[in-house]
Amino acid sequence: MAVPQLPVLAIDVGGTKLAAAAVDRAGQLLASDRIPTPRVASADDLFEVLADQCRRVLRAAETDVVAIGVGCGGPMEYPSGRVSTLNIPVWRDFPLRERLVTAFDRPCVVDNDANALALAEQWRGAGRGSTNMLGMVVSTGVGGGIILEGHLLHGFGGNAGHIGHIVAWPDGPPCRCGARGCIEGVASGSGLARRLTAAVAEGAETRLVPGATAAEIAVAARQGDHLAAELFRTAGECVGRGIASAWSL
Ligand SMILES: [Zn+2]
């Protein structure tokens, strides 16, 4: 039987935004929509916002879809698709995959957003033509996905490739996972902001104030603020150590 050439519905669920698109087999977006993740009272309310967004996209694309693929902020379980996205407090152990299958009557895969990024980079981005690669996100958090011999690695519970919690700085700053010196604790946006606040509390000289964002720290670093530059220097060093360690592995 020929593989149907219908598009798929792609969804990105994060603590800051919800994005959905109808995507054809060549990777072109036929229609897309992006909204800030609303603060709502219940798990069902948030699901309804997401489902409405998906229906809007399908109407705009004037097409049916053959399947649904979701990249979602962790923690989550693969392949069950139960999600507990850190920055979405109303979803704890929420059966996102099951709910989408019921609402749209299509097969659905829910995976970690960093795994989705790795697959996307291999399909359409920097990893085209690679059968062995690491895809890495350095953002609010630090995540990654590993493609080995052409296959995305999932490992236990779908958590393979979680490079953000490799220790790159022994006895370095604390990470939200409980360890010290993880790449995420040193180099993520939230990690940079926490390190700045801690350094100011210890009397470090800077023109930044506690609570400054990573974007503000970056501006100050470019303008010659020594503390800001040092925070980014060590962040870069730790990202580099993490990549080098992962490459050897
Ligand atoms: Zn960590």
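Residues numbered from 1 in each chain as written. Predicted model: local features only at pLDDT ≥ 70, side-chain atom pairs only at ≥ 80, totals over all residues. Heavy atoms only, no water.

Caption draft 1: Inspection of the overall build of the protein at higher detail. Summing up its helical and strand segments, the protein has seven helices and eleven strands in all. A compact globule built from 249 residues would reach a C-alpha radius of gyration of about 18 Å, and the protein, at 20 Å, matches this within 12%. A burial count over the protein gives 39% of its 249 residues as buried. Considering only intrachain contacts with a sequence separation of at least 6, the fraction spanning at least 24 residues in the protein is 48%. Here the protein has roughly 13,100 Å² of accessible surface; of this, 57% comes from carbon and sulfur atoms. The centroid of the 22 positive side-chain charges in the protein is displaced by 2 Å from the centroid of its 25 negative side-chain charges. (Helix = DSSP H or I, 4+ residues; strand = E, 2+ residues; numbered from the N terminus. Rg over C-alpha atoms; globule rule 2.2 N^0.38 Å. Buried < 20%, exposed > 50% of the residue type's maximum accessible area, 1.4 Å probe, protein only. Contact = heavy atoms within 4.5 Å. Areas by Shrake-Rupley, 256 points an atom, 1.4 Å probe, with all protein chains shown as cover. Lys, Arg positive; Asp, Glu negative; His and termini not counted. Charge placed at Lys NZ, Arg CZ, Asp CG, Glu CD.)

Caption draft 2: Looking closely at the nonpolar core. Core analysis: the biggest nonpolar cluster contains 29 residues, and I11, V13, V70, W91, L96 and L100 have the highest contact counts within it. Elements represented by at least two residues in this core include exactly β1 (8-13), β2 (17-23), α1 (43-61), β4 (68-72), α2 (96-104) and β8 (108-112). With eight residues, α1 is the largest single contributor of residues to this core. Among all residues touching L100, those that are not within four sequence positions of it are I11, F47, I68, V70, D105 and C108. Listed in part, the 19 residues of the second largest apolar core include V142, L196, L208 and I217. (Core = buried A, V, L, I, M, F, W, Y, C linked by side-chain atoms within 4.5 Å.)

Caption draft 3: Structural detail: the packing of helix α6 (residues 214-222) against helix α7 (residues 226-248). In the contact formed by α6 and α7, the axes pass within 7 Å of each other and the chain directions differ by 110 degrees. The angle between α6 and α7 falls in the class roughly perpendicular. For the crossing formed where α6 meets α7, the hand is left-handed. Only A228, A229, L231 and F232 of α7 make contact with α6, whose side of the interface consists of A214, I217, A218, A220 and A221. Class assignment for the residues of the contact of α6 with α7 results in nine nonpolar, no polar and no charged. (Axes fitted to C-alpha atoms, helices over the stretch in contact; angles between N-to-C directions. Parallel < 35°, antiparallel > 145°, perpendicular 65-115°, else oblique. Left-handed = near helix turned anticlockwise from the far one by under 90°. Nonpolar A, V, L, I, M, F, W, Y, C, P; charged D, E, K, R; others polar.)

Caption draft 4: Seen up close, the packing of aromatic side chains. This structure, assessed with the given rule, holds two aromatic pairs. Here F47 and F94 contribute two aromatic rings whose centre-to-centre distance is 6.1 Å and whose plane-to-plane angle is 45 degrees, an arrangement assigned as tilted. Of the two residues, F47 is situated in helix α1 and F94 in strand β7 (residues 94-95); the sequence distance between them amounts to 47 residues. With respect to class, F47 is no different from F94; both count as buried. Ring geometry for W91 against F94: centres 4.6 Å apart, planes inclined by 5 degrees, an arrangement best described as stacked. Residue W91 is classed as buried on the basis of its relative accessible area of 0%. F94 gets classed as buried once you look at its relative accessible area, which sits at 5%. (Phe/Tyr/Trp six-rings, centres within 6.5 Å; stacked < 30°, edge-to-face > 60°.)

Caption draft 5: Structural context of the pairing of strand β9 (residues 133-138). Here β9 pairs with strand β10 (residues 142-148) via six bridges, running antiparallel. Counterpart to V137 in the pairing with β10 is G143. Taking the residues between adjacent antiparallel strands as the criterion, β9 and β10 are bridged by three residues. (Pairing = 2+ DSSP bridges.)

Caption draft 6: Main features of the sheet that holds β9. Across the sheet, three strands lie side by side as β9-β10-β11; this open sheet has antiparallel pairing. The outermost strands of the open sheet, each flanked by one partner alone, are β9 and β11 (151-152). Here helix α3 (residues 113-124) sits on the sheet and contacts β9, β10 and β11; the angle it forms with β10, its principal contact strand, is near 50 degrees.

Caption draft 7: Spotlight on α6. All buried positions along α6 are accounted for by I217, A218 and A220. One face of α6 carries all of its buried residues, which in axial projection span an arc of 165 degrees. What points out from α6, more than 90 degrees from its buried face, is the exposed set A215 and R222. Buried residues along α6 sit in contact with α5 (189-201) and α7. Two residues or fewer past α6, G224 is found with a positive phi of approximately 100 degrees. (Arc of directions from axis to C-beta.)

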